[in-house]
Amino acid sequence: MKAILIHKHGDAGVLEYADFPSPQPGPGEVLVRLRAAALNHLDIWVRRGWPGLKLEYPHIPGADGAGEIAALSESVDDWSSGERVVINPNLSCGTCAYCLAGMDNRCNDWGLLGETTRGTYAEYIAVPSRNLLRIPDSLSAHHAAAASLVFLTAWHSLIKRGRMKAGETVLIVGASGGVNLASLQIAKLGGARVIVVGSSPEKLALAESLGADHLIDRHRTNRWAEEIYRITSKHGADIVVDNVGTTFPESFRAAAKGGRILT
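Keep in mind that this is a model prediction, so the values were computed, not measured. Counting of residues starts from 1 at the beginning of each chain's written sequence and follows it residue by residue. Totals for whole chains, interfaces and linings use all residues, but because this is a predicted model, local features are given only for residues with pLDDT of at least 70 and pairs of side-chain atoms are given and counted only at 80 or more. As a convention, hydrogens and water are excluded, and side-chain values are obtained from all of the structure's heavy atoms.

S.K.: Looking at this structure, how should I read the overall build of the protein?
M.R.: Across its full length, the protein holds seven helices and 14 strands. As defined in this context, the radius of gyration uses C-alpha atoms, and a globule is described by 2.2 Å times the residue total to the power 0.38. Relative to the 2.2 N^0.38 estimate, which gives 18 Å for 263 residues, the radius of gyration of the protein is 20 Å and therefore close to what a compact globule would have. Projecting the C-alpha coordinates of the protein onto the three principal axes gives extents of approximately 60 × 40 × 35 Å. Counted over contacts in the protein with a minimum sequence separation of 6, partners at least 24 positions apart contribute 65%. Elements are defined by DSSP. Helices are runs of H or I of four residues or more, strands are runs of E of two residues or more, and each kind is numbered from the N terminus. Note on definitions: a residue-residue contact is assigned when non-hydrogen atoms from the two residues lie within 4.5 Å.

Put into structure tokens, the structure is as follows:
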């Protein structure tokens, strides 16, 4: 098969398009013929490397992918060849206490496609059958792949950690990042009111098209907390999603007024 390989950390020049042996599905696994692999900033971090990151070279980047089942191991009986699927890139053992409690993201042997094991920048990939979701006919493989990791992150933040409820106000800092756009759509699906802070009219227009109820252009005003108080009748936001920076502005902490801050 063809794949994108890296043999060492570095800039984009270390990426190589080359032949690589096709994987074979092991026990409990299926072989997916990939039709789309989404780009994620994680791929850049992995390519550049960080202290403690250990890769099996040559490494194949890519966490997100979608396609159809090409082959199944004998132990898999709940899937059929040819089914269209999207991959959950979070790898877990399925048997530890965390997995059995529904907290597979805290698995004792947790991993991530494209980071701890070879990923989706290839024609084929073998993954555990429990990591597959069926793609409805109305959704393309490209859209499914693009939604994978960012929607998992956003769902975990808002629903699992944030315990969002219908009628609450969700403040999203940043109008166009993948996780933030996913958070916006999940919040609206869950019946929340959404305030979005953005840095340009174009980004804010995108957020509005996806259902944002209130828009704040940070280049037009630096008094964000006051604007949020006005919108919420001084109640403040119930949940704040911030994926912009490592330091949460004190003005937003004030605007949350005791709400849940997800960074």
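S.K.: Mind showing me how you'd approach the sheet that holds strand β5 (residues 84-87) here?
M.R.: Only when DSSP finds a minimum of two bridges between them are two strands counted as paired. In space, the five strands of this open sheet follow the order β8-β3-β4-β5-β9, with antiparallel pairing throughout. Strand pairing shows two members of the sheet lacking a second neighbour, β8 (124-128) and β9 (132-134), which therefore form its edges. Each strand of the sheet is rotated relative to its neighbour by a mean of 50 degrees, with strand direction disregarded. Direction of pairing for strand β3 (residues 29-36) relative to strand β4 (residues 66-72): antiparallel, over a ladder of six bridges. Within β4, the residue paired with Leu31 across the bridge is Ala71. Lines fitted to the C-alpha atoms define the axes, with helices restricted to the stretch that makes contact. Angles between their N-to-C directions range from 0 to 180 degrees.

S.K.: Quick question: what am I supposed to make of the side chain of Asn180 here?
M.R.: Topologically, Asn180 is positioned in helix α4 (residues 178-189). Apart from residues lying up to four places away in sequence, Asn180 is in contact with Ile172, Val173, Gly174, Val241 and Asn243.

S.K.: Is there a simple way to explain helix α1 (residues 41-48) in this structure?
M.R.: An α-helical turn contains 3.6 residues, so a residue and the one three or four places further along point in the same direction. Using a 1.4 Å probe on the protein chains alone, a residue whose accessible area is under 20% of its type maximum counts as buried, one over 50% counts as exposed, and one in between counts as partly exposed. Those residues of α1 that sit buried are Leu42, Asp43, Val46 and Arg47. Within α1, the buried residues cover an arc of 135 degrees as seen down the axis, which keeps them to one side. Looking at the packing, one finds that the buried side of α1 touches β7 (111-112) and α3 (141-161). Distance and chemistry together define a polar contact, namely a pair of N or O atoms within 3.5 Å, with one atom able to donate a hydrogen and the other to accept it when in protein, and with adjacent residues in sequence counting only for side-chain atoms on both sides. For α1, the side-chain oxygen to backbone nitrogen distance between the N-cap and Leu42 is 2.9 Å, and the N-cap itself is Asn40. Phi turns positive, to about 85 degrees, at Gly49, one or two residues after α1. The directions considered for the arc are those from the helix axis to the C-beta atoms.

S.K.: Sorry, what's going on with a positive patch on the surface here?
M.R.: Residues qualify for a patch when their relative accessible area is over 30% and they have no salt bridge, like charges being joined within 9 Å and the nonpolar side chains of Val, Leu, Ile, Met, Phe, Trp and Tyr within 5 Å. Where accessible areas are quoted, they stem from the Shrake-Rupley method and a 1.4 Å probe; at the residue level, only the protein chains shown are allowed to cover. Salt bridge, as used here, is a side-chain nitrogen of Lys or Arg placed within 4 Å of a carboxyl oxygen of Asp or Glu. Positive residues here are Lys and Arg, negative ones are Asp and Glu, while His and the chain termini are left out of the count. Charge coordinates come from a single atom per side chain, which is NZ of Lys, CZ of Arg, CG of Asp or CD of Glu. On the surface, Arg106, Arg161, Arg163 and Lys165 cluster together into a patch of positive charge. Within the secondary structure, Arg163 is located in the loop between α3 and β10 (169-173).

S.K.: Which parts of the structure should I look at to understand the layout of surface pockets?
M.R.: The gaps left among the atoms become clear once a water-sized probe is rolled over them. A pocket, in this scheme, is an open set of points on a 1 Å grid over the protein atoms alone with protein on both sides within 12 Å along at least 5 of 7 lines, while a cavity is a set where a 1.4 Å probe fits but cannot get out; residues line either one if an atom lies within 4 Å of a point. Grid points are joined across faces, edges and corners, and a volume is the space filled by probe spheres set on the points. In this structure, the second largest pocket occupies an estimated 330 Å³ of space. The nonpolar class holds Ala, Val, Leu, Ile, Met, Phe, Trp, Tyr, Cys and Pro. Asp, Glu, Lys and Arg form the charged class, and all remaining residues, Gly among them, are polar. Here the lining of the second largest pocket is composed, by residue class, of 14 nonpolar, four polar and four charged.

S.K.: How should the packing of aromatic side chains be read in this particular structure?
M.R.: By convention here, two paired aromatic rings are described through the distance between centres and the angle between planes. Any two rings among Phe, Tyr and Trp, with Trp reduced to its six-membered ring, count as a pair given centres within 6.5 Å; such a pair is stacked if its planes are under 30 degrees apart, edge-to-face if over 60, and tilted if neither. Taken as a whole and assessed by the stated rule, the structure comprises zero aromatic pairs. We call a charge positioned above a ring when the Lys NZ or Arg CZ atom is no farther than 6 Å from the ring centre and deviates by at most 35 degrees from the ring normal. Sitting over the face of the ring of Tyr124, Arg33 holds its NZ or CZ atom 5.5 Å from the ring centroid. Above the plane of the ring of Trp79 lies Arg134, whose end atom (NZ or CZ) is 4.0 Å from the centre.

S.K.: Sorry, what's going on with the packing of α3 against α4 here?
M.R.: Helices that pack against each other are described as a pair by the angle of their axes relative to one another and the distance between those axes. Packing of α3 against α4 brings their axes to within 8 Å, and their N-to-C directions diverge by 55 degrees. With respect to each other, α3 and α4 are oriented oblique. You can see that α3 and α4 cross each other, and the crossing is right-handed. Of the residues in α4, those in contact with Val150, Phe151, Thr153, Ala154, Trp155, Leu158 and Ile159 of α3 are Gly178, Val179, Ala182, Ser183, Gln185, Ile186 and Ala187. Residue composition of the contact of α3 with α4, by class: 10 nonpolar, four polar and no charged. Here roughly perpendicular refers to angles of 65 to 115 degrees, roughly parallel to angles under 35, roughly antiparallel to angles over 145, and oblique to all remaining angles. Left-handed describes a crossing in which the near helix is turned anticlockwise from the far one by less than a right angle; the clockwise case is right-handed.

Geometry only, nothing functional implied.
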